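Okay, here's what each chain looks like letter by letter:
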Amino acid sequence: MDEKMFCFQCEQAANGCACVGNAGVCGKSAETADAQDALTGALIGFAELLVELGQPIQPPQALLLLEGLFTTITNVNFDPETVRQLTEKVWEAKNTAFATACPAPAPVGDYDMKQLWQEPDEDIRSLKSTVLFGLRGMAAYTYHARVLGYTDGEIDTFFCTALSTLAHEQDKEKLFQLVQETGLMAYRVMELLDKANTTTFGDPEPVEVPLTIQKGPFIVISGHDLYDMKCLLEQTAGKGISIYTHSEMLPAHGYPELKQKYPHLKGNFGTAWQNQQREFEDIPAPILFTTNCIMPLRPSYADRVFTTSVVSYPGIVHIGESRDFSPVIAKALELGGYEKDTLVPGMNGGSTVATGFARDAVLHHAGEIVEAVKAGKIRHFFLVGGCDGTRPSRRYYTEFAKLTPPDTVLLTLACGKFRLNDLPLGTVPGTGLPRILDVGQCNDAYSAIQIALALADAFGCSVNELPLSIILCWFEQKAVCVLLALLALGIRGIRLGPTLPAFLSPGVAAALQQKYDLKPITTPEADLAACLGSHAAD
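Before going into details, it helps to say that this report is about the structure given with it.

Rules used in this analysis
- Residues numbered from 1 in each chain as written.
- Predicted model: local features only at pLDDT ≥ 70, side-chain atom pairs only at ≥ 80, totals over all residues.
- Heavy atoms only, no water.
- Helix = DSSP H or I, 4+ residues; strand = E, 2+ residues; numbered from the N terminus.
- Contact = heavy atoms within 4.5 Å.
- Lys, Arg positive; Asp, Glu negative; His and termini not counted.
- Charge placed at Lys NZ, Arg CZ, Asp CG, Glu CD.
- Salt bridge = Lys/Arg side-chain N within 4 Å of Asp/Glu carboxyl O.
- Buried < 20%, exposed > 50% of the residue type's maximum accessible area, 1.4 Å probe, protein only.
- Pairing = 2+ DSSP bridges.
- Axes fitted to C-alpha atoms, helices over the stretch in contact; angles between N-to-C directions.
- Polar contact = N/O pair within 3.5 Å; in protein donor to acceptor, adjacent residues only side chain to side chain.
- Parallel < 35°, antiparallel > 145°, perpendicular 65-115°, else oblique.
- Nonpolar A, V, L, I, M, F, W, Y, C, P; charged D, E, K, R; others polar.
- Arc of directions from axis to C-beta.
- Phe/Tyr/Trp six-rings, centres within 6.5 Å; stacked < 30°, edge-to-face > 60°.
- Right-handed = clockwise from strand over helix to strand, strands pointing away.
- Left-handed = near helix turned anticlockwise from the far one by under 90°.

Moving on, we come to the overall build of the chain. Per the secondary structure count, the chain includes 18 helices and 16 strands. The dimensions of the chain, computed from C-alpha atoms along their principal axes, are 70 × 60 × 40 Å. At a minimum sequence separation of 6, the contacts of the chain that also span at least 24 residues come to 74%. Averaging the coordinates of the 42 positive side-chain charges in the chain and doing the same for the 61 negative ones gives two points 4 Å apart.

Dropping the structure here:
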């Protein structure tokens, strides 16, 4: 493995096992993978030192841990040089912490990631990998909250202690407990980000988003970071440039402080991340990537791609901490946009999509929903969403949604929503409620949980007793973070696909199935029948 990569952190792991050659399925080179392993090892060593010092972690140290973990998420950074530069920053911070400590601690070196990847006990490797990948997803969400000014010292400390534990703990029971603790902290992280987003931008409101791109200059902004969105909207105001969201940025339209304050936020361009190479073909506008998922660029649009935050790609203009998007604006004016209005339809051919059905919007109708359930007008709720991806088997989620009866409601979130968010499923008969409710981004699983908890409270039962089924699609480490949070809250019977993670050993997978009734998806027909049958008596 000295010259070959080893990576099994995402759903597209080669042959369902791991990417071990010169490049990953995602397009990441072995050089980049090696640099990311070195960065992760440096972060673990840094965390070990901070734990040994026993002092409160300082904001710059916490931010560095977040940036480092975020950088290693799938489809965030393809540039080994920027990864190495960040590793050097970790070393500098570590040396500073060591030099200023009194009394001087014992030296702590970097952790060698080969120890983890070559761990002979597959259950230990699985448990540690699950924690690490969950921490990477948590880091992304914590970072998004942090740039909006929201922090939590206990969350920062947990990153240190959890990373440090990975270096030395070999007890399976303790590692399984750490997995559960990671899930609980992941829930707290999503709560923090929800507070940051809603306090800053208001509670999301339902909105119908057009998929038609108006003629004239425009910019497409992709990713998750609402702070980056706000900065771009501020800098383009009054310049005759329209802004269009892409993929996970779609829910930005639901926030009043973005949609209502900036009328040049016009609509959404395209669908989920994995279609970008086709949808961006010769696009007459720049694309700004704020987070994952950026894919290997094609020549037809590579000259108009920009990155910011932790995203990096070799040879591409990067907008640093200043968030000065002048180069993006200049490129938009240079390219000029389409000469006439152009429809870029949804996955199922739709011309608009709805979003903004977060907890505040849905629970505003809680009384109506409860009465509709009691009156037999709503039989069942489904949460169908998560990360989208490239496998043809992901058509499962579209077919599942199409098969759901008209007296059921579908909550959806994350980029997996594009598999069903423009299906013409209409409303629940006799209620006027849309059958498809887009809760938001992947981190808005927190909002979906609040909806479920409120309904459970209204019916005087637990979430597991509700006529609710959760069918998740996963792809990368933020989905791992969300899944761990759901499991840690004791939510049972989740169906996960399109495959179970490669980093789950048979032993760990069996333990999760036994404790939480975690199930792999099968067929839309069989799973739908099982979901409805399990609550037939409700």
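Within this structure, the stated rule accounts for 22 salt bridges. Asp407 serves as the salt-bridge partner of Arg379, at 3.3 Å between the closest nitrogen and oxygen. Highlighted residues: Arg379 in the loop between helix 13 (366–374) and strand 11 (380–386) and Asp407 in the loop between helix 14 (395–403) and strand 12 (408–413), separated in sequence by 28 residues. Overall, Arg379 belongs to the partly exposed group, its relative accessible area being 42%.

Attention now moves to the sheet that holds strand 16 (residues 519–520). Read from one edge to the other, the open sheet built from six strands follows the order 13-12-11-14-15-16, with strand pairing classed as parallel. At either end of the open sheet lies a strand with only one pairing partner, and these are strand 13 (436–440) and strand 16. Against the sheet, helix 14 touches strand 11, strand 12, strand 14 (468–473) and strand 15 (495–497), its axis set at about 155 degrees to strand 14.

What follows is about the environment of Gln276. Relative to the assigned elements, Gln276 resides in helix 10 (residues 276–279). Setting aside residues no more than four positions away along its own chain, Gln276 makes contact with His246, Phe289, Cys293, Ile294, Met295 and Tyr301. Here the side chain of Gln276 touches Trp273 through a polar contact of 2.9 Å, landing on its backbone oxygen. Polar contacts involving the side chain of Gln276 include one to the main-chain carbonyl oxygen of Cys293, which spans 2.8 Å.

Helix 17 (residues 506–516) packs onto helix 5 (residues 122–147) with a crossing angle of 60 degrees between their chain directions and a minimal axis gap of 7 Å. Our classification of the angle between helix 5 and helix 17 gives oblique. Side by side, helix 5 and helix 17 meet where Glu122, Asp123, Ser126 and Leu127 of the first sit next to Pro506, Gly507 and Val508 of the second. Of the residues assigned to the contact of helix 5 with helix 17, the class counts are three nonpolar, two polar and two charged.

To continue, consider helix 17. Here helix 17 has its buried residues at Val508, Ala509, Leu512 and Tyr516. Looking down the long axis of helix 17, one finds its buried residues gathered within 100 degrees of arc, a one-sided arrangement. For helix 17, the exposed residues set more than 90 degrees away from the buried face come down to Pro506 and Gln514. If you follow the buried residues of helix 17, they end up packed against helix 5, helix 7 (172–201) and helix 16 (477–488). Where helix 17 ends, the next residue or the one after it, Asp517, has phi of about 55 degrees, a positive value.

We now examine the environment of His253. As for its placement among the helices and strands, His253 is situated in the loop between strand 4 (242–246) and helix 9 (256–259). Filtering out sequence-adjacent residues up to four positions away, His253 remains in contact with Val207, Val209, Thr245, Lys259, Leu265, Lys266, Gly267, Asn268 and Thr355.

Take the packing of aromatic side chains next. Counted according to the given criterion, the structure contains 22 aromatic pairs. Counting every residue linked through ring pairs, the aromatic cluster contains Phe218, Tyr244, Phe269, Phe280, Phe289, Tyr301 and Tyr338.

Before going further, it helps to spend a moment on the sheet that holds strand 4. Spatially, 5-4-3-6-7-8 is the arrangement adopted by the six strands of the open sheet, whose pairing is parallel. Each edge of the open sheet is held by one strand with a lone partner, namely strand 5 (265–268) and strand 8 (317–319). Ignoring strand direction, the axes of neighbouring strands in this sheet form an average angle of 30 degrees. Where strand 4 meets strand 5, three bridges bridge the pair, whose relative direction is parallel. Directly across from Tyr244, in strand 5, lies its bridge partner Gly267. Sitting on the sheet, helix 11 (residues 326–335) is in contact with strand 3 (218–222), strand 7 (305–308) and strand 8, with an inclination near 135 degrees to strand 3.

Another point: the pairing of strand 13. Burial analysis of strand 13 places five of its five residues in the buried class, which makes it a mostly covered element. With four bridges joining them, strand 12 and strand 13 adopt parallel strand pairing. Along strand 13, the bridge assignment pairs Leu413 with Gly440.

All right, on to unusual backbone geometry then. At the junction of Asn292 and Cys293, the peptide bond is cis and its omega measures out at 15 degrees in the coordinates. Tracing the chain through its elements places Cys293 in the loop between strand 6 (287–289) and strand 7. In this model, Asn15 sits at a positive phi of 55 degrees, which is unusual for a non-glycine residue. When you line up the elements, Asn15 lands in the segment before helix 1 (30–53). Phi angles above zero are rare outside glycine, and Ser309 is one such case at about 60 degrees. Assignment of secondary structure puts Ser309 in the loop between strand 7 and strand 8.

What follows deals with the pairing of strand 11. Within a regular strand, side chains alternate between the sheet's two faces. Of all seven residues in strand 11, seven are buried; the element is thus mostly enclosed. Taken together, the four bridges between strand 11 and strand 12 define a ladder with parallel strand orientation. In the sheet register, Phe382 faces strand 12, and the bridge partner there is Leu410. For the crossover that starts at strand 11, traverses helix 14 and ends in the parallel strand 12, the hand is right-handed.

With that settled, the discussion passes to the packing of helix 1 against helix 6 (residues 153–168). One can describe the packing of helix 1 onto helix 6 by two numbers: an axis separation of 8 Å at closest approach and a directional angle of 110 degrees. Accordingly, the angle class assigned to the pair helix 1 and helix 6 is roughly perpendicular. Crossing of helix 1 over helix 6 shows left-handed handedness. Counting all contacts with helix 1, which are made through Leu43, Ile44, Ala47, Glu48, Leu50 and Val51, the residues of helix 6 involved are Cys160, Thr161, Leu163, Ser164 and Ala167. Considered class by class, the residues forming the contact of helix 1 with helix 6 number eight nonpolar, two polar and one charged.

Functional significance is not addressed by these values, which are geometric in nature.
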